[in-house]
Every structure is written in structure tokens, then in C-alpha cells.
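What follows is each chain in one-letter form.
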Amino acid sequence: MSSGRVFAVASGKGGVGKTTTAVNVASVVAEADRSVVLVDYDLGMANVGQVLDVEDPAGATLHDVLAGDAKPLDAVSAAPGDFDVVVGGTDIEDFGRADPSKLRGMADALRSEYDVTIVDTGGGLSHDTTVPLGLADETVLVSTRQAAALENTAKTRDLVERVGGTVRGLVVTRVSGSDVADDDEVAALDVDVLGSIPEDGRVADSERAGEPLVSFAPESPAAVAYRELGYELLGESPPLSFKDGDGEGAGDAQPGAAMAEMMGEGGDAEESSEPSLLSRVTGGLLGSNGKD
Ligand SMILES: Nc1ncnc2c1ncn2[C@@H]1O[C@H](COP(=O)(O)OP(=O)(O)O)[C@@H](O)[C@H]1O
Ligand SMILES: [Mg+2]
């Protein structure tokens, strides 16, 4: 396996939880023993560096690479949470220097170095925002359940297709109360719902601490949901328990056979055996593994 997978995290609207999703998925993928790099491709408002409190950034930023002033791997630094990160420049001139067409070379370089590359993007539909959507293997859409956010998500979904990308599905964020992700408006988008992340006050705490939520507060509701999501993206089952500490020996993937179909999610044909969401949420108690 010399060639890794590239995921883009996108939304039509800012402030819906893309960066939170990208950071935490990166951390979960690292927990699952994959090498992973997170690229902050929000060219205008790069903030992964702050959210993760990257202490010792590499000598170069993404903007330097996109300006042709640095090699892709020179911009990689270590992030808390056991993964690597490419932070963006934060000076206003940096924005003008960046040439989005250089992102492809960057992604290729990272793809050959890491199992998983996650590209966080800025909100909106401008040209530079769309570049990662065309070159990622799969785009993960992020939206809250607000009507305006969902409308913009529909546009982003169309855009991904127009630039030749692939939508993996939707992550519904900041879900509160008795909200469920698969209501009518969400269903109207006609994309798989990959996960539903509850509103969780620990998210802000983890940002203040400069750490991914999944390591900062591993058992908080949003962390649990992000863990589900991360393994879902890998096509695996999450460990049955994930006590603090290293997540190793915390129980291997459930043997659960494929049954996404049972959930009526139009189970992706690509990776064969993953247990249903229901099965995973209930630790295998519900949603049996009937593969045939
Ligand atoms: N599940 C959540 N619960 C509570 N607050 C959240 C959650 N997800 C994101 N937030 C907050 O929402 C704001 C926007 O999140 P962010 O991930 O930066 O969005 P984006 O990258 O789409 O602009 C941040 O202040 C973040 O702390
Ligand atoms: Mg962001």
C-alpha cells in the first residue's frame, strides 16, 4: 500500500464544524494506527495551527508550498494527537502568494508518504475552495441542520460532482436535543449520513487546550461520535471501548460483518464488511451482522 487516501472536508458555509471534524477525524485515524497528515487548506482563514496549538511549526507553511517557495514535506509539523499537520500562513500577503493549482503536487507528495491525508477547506464556493474537492478521493460534507447550511451543502455536493470529485457522505454537526440526523431536509440531500455529532461544550474546551477533542475528552459525546465517524471513513468498526490511554488493547475491531444495507443507507459497495451504525452504536446488541 504505497498510495494513501485523500479526504477533503467541505461545507457551503463557514462555522459549521469543518475544522473540528477534520482535526478529530485525523486524531481518530491516528488512533487506528494509520499515518495521517492534516492540511489546513482554508487559505483565507487558516486556523488549524491555533486550534491545535502547534508549538513548533515547520519552517514552511502551506502557503510557502503553494507559492513554490518550499517543498511539500518541508511544511509538515507534528500535531498533538499523534498526527502531522501542514498549517497555513496567517499573514494577509500569504493569501495572494498561494497558487491553488500547486495543491495537486502537494497532495501527491503527501499521498505517497501517508496512509491518510485530510484536507480541511474554507467555506464557500470560490475557485480556490473547489480545488481540493476535485483532487481528493472522497469529500466529506459537513453541515449543521439549519436550513441555510443544508441549502449550501446541496450546492457544495453539486460542485464536488462538477469538478470530478466524489462525495463520500454528510456529517451533521452540532446536533442537539432530540434531533436526529436523518430527517427530511437531510434526507433530501440524497447523500449517505456518515455521522451525527452532538453539540458538546467540551469542543470549546479542547480548542482552548489546543488538543483534539477525541484525546482531550475521549468519552465526551462528540468525541464518541467522532470516533465512530473516523472508523466509518476507514471502513472499520471502532474499538468496543476506548478508555483514556492509548486505545491499544482496548478491544479490537468488532468482528461485525457487513450490514450497512440493513440501515437502508445504500451500503457502499466498496468496502465490504462494516457493521451497521446501529450495531456500532449499541456495541453490537442491535442491528445484527447478517451479512447474507
Ligand atoms: N459539536 C460541537 N459542539 C459544540 N461546538 C462546536 C461543535 N463543533 C464545532 N463547534 C464550534 O463551532 C465553531 C465553528 O467550528 P469550526 O470547526 O471552526 O467550523 P468551520 O471550520 O466549519 O468554520 C467553533 O467555535 C467550534 O468550537
Ligand atoms: Mg475551519
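Before reading on, note that the structure itself is shown above.
Residues numbered from 1 in each chain as written. Chains lettered and ligands numbered in written order. Predicted model: local features only at pLDDT ≥ 70, side-chain atom pairs only at ≥ 80, totals over all residues. Heavy atoms only, no water.

Caption draft 1: Molecular detail of the pattern of salt bridges. Enumeration over the complete set of coordinates arrives at 14 salt bridges. Between Asp69 and Arg97 there is a salt bridge, with the nearest N and O atoms lying 3.0 Å from each other. Here Asp69, found in the loop between α3 (62-66) and β3 (76-79), pairs with Arg97, found in helix α4 (residues 92-97); they are 28 residues apart in sequence, far enough to count as distant. Residue classification places Arg97 among the partly exposed positions, given a relative accessible area of 30%. Taking the shortest distance from any N to any O, the salt bridge between Arg168 and Glu138 comes out at 3.1 Å. You can see Arg168 sitting in strand β7 (residues 167-175) and its partner Glu138 sitting in strand β6 (residues 138-143), a full 30 residues away along the chain. One connected set of salt bridges, linked through shared partners, spans Asp64, Asp69, Asp94 and Arg97. (Salt bridge = Lys/Arg side-chain N within 4 Å of Asp/Glu carboxyl O. Helix = DSSP H or I, 4+ residues; strand = E, 2+ residues; numbered from the N terminus. Buried < 20%, exposed > 50% of the residue type's maximum accessible area, 1.4 Å probe, protein only.)

Caption draft 2: Highlighting the site of ligand 1. Around ligand 1 lies a shell of 14 residues, among which Gly15, Lys18, Thr19, Thr20 and Arg174 are the nearest. In the environment of ligand 1, an oxygen atom lies 2.9 Å from a nitrogen or oxygen atom belonging to the backbone of Gly17. In this structure, a nitrogen atom belonging to ligand 1 sits 2.9 Å away from a main-chain N or O atom of Asp200. Burial of ligand 1 by the surrounding chains reaches 81%, relative to a free accessible area of 560 Å². Of all the secondary-structure elements, those providing two or more residues to the shell around ligand 1 are α1 (18-31), β8 (193-198) and α9 (202-209). (Near = heavy atom within 4 Å. Polar contact = N/O pair within 3.5 Å; in protein donor to acceptor, adjacent residues only side chain to side chain. Areas by Shrake-Rupley, 256 points an atom, 1.4 Å probe, with all protein chains shown as cover.)

Caption draft 3: Structural context of the pairing of strand β5 (residues 116-121). Along β5, six of the six residues are buried, which leaves the element largely enclosed by surrounding structure. Of the two faces of β5, the one lined by Val116, Ile118 and Asp120 and the one lined by Thr117, Val119 and Thr121 are each fully buried. In this sheet, β5 lies alongside strand β1 (residues 5-10) in parallel orientation, the contact comprising five bridges. Residue pairing across strands places Val9 opposite Asp120, the latter belonging to β5. Note: strand β2 (residues 36-41) against β5, six bridges, orientation parallel. Paired with Leu38 across the strands is Ile118, a residue of β5. (Pairing = 2+ DSSP bridges.)

Caption draft 4: Region of the structure containing the nonpolar core. Core analysis: the biggest nonpolar cluster contains 41 residues, and Val36, Leu38, Leu52, Phe83 and Ile118 have the highest contact counts within it. Broken down by element, the residue count for this core peaks at eight residues, all from helix α11 (residues 221-234). Contacts of Val36, omitting those with residues within four sequence positions, involve Ala26, Val29, Ala30, Phe83, Asp84, Tyr114, Val116 and Ile118. In terms of nonpolar packing, the next biggest core, distinct from the first, is built from 39 residues, Val6, Ala8, Tyr114 and Val191 among them. (Core = buried A, V, L, I, M, F, W, Y, C linked by side-chain atoms within 4.5 Å. Contact = heavy atoms within 4.5 Å.)

Caption draft 5: Broad picture of the sheet that holds β7. An order of β3-β4-β2-β5-β1-β6-β7-β8 is seen for the eight strands of this open sheet, with the pairing classed as mixed. The open sheet terminates on both sides in strands that have one partner only, identified here as β3 and β8. Taking each pair of neighbouring strands and ignoring which way they run, the sheet shows an average axis angle of 25°. In this structure, β2 lies alongside strand β4 (residues 83-86), joined through three bridges in parallel fashion. Along β4, the bridge assignment pairs Leu38 with Val85. Against the sheet, α1 touches β1, β2, β4, β5, β6 and β7, its axis set at about 170° to β5. The sheet contacts of helix α7 (residues 147-162) involve β1, β6 and β7, and relative to β6 the element is tilted by about 170°. (Axes fitted to C-alpha atoms, helices over the stretch in contact; angles between N-to-C directions.)

Caption draft 6: Examining the side chain of Arg157 more closely. Summarising the element assignment, Arg157 is placed in helix α7. Those residues in contact with Arg157 that sit more than four places away from it in its chain are Leu141, Val167, Ala188, Leu189 and Val191.

Caption draft 7: Just the environment of Val39, in detail. The residue Val39 is located in strand β2 in this model. According to the relative accessible area criterion, Val39 is buried, its value standing at 2%. C-alpha separation for the pair Val39 and Met106, spaced 67 residues apart in sequence, amounts to 9.8 Å. Contacts of Val39, omitting those with residues within four sequence positions, involve Leu62, Val86, Leu110, Thr117, Ile118, Val119 and Asp120.

Caption draft 8: Representation of helix α5 (residues 103-113). Those residues of α5 lying buried are Leu103, Met106, Ala107, Leu110 and Arg111. Seen end-on, α5 carries its buried residues on one side only, within an arc spanning 135°. (Arc of directions from axis to C-beta.)

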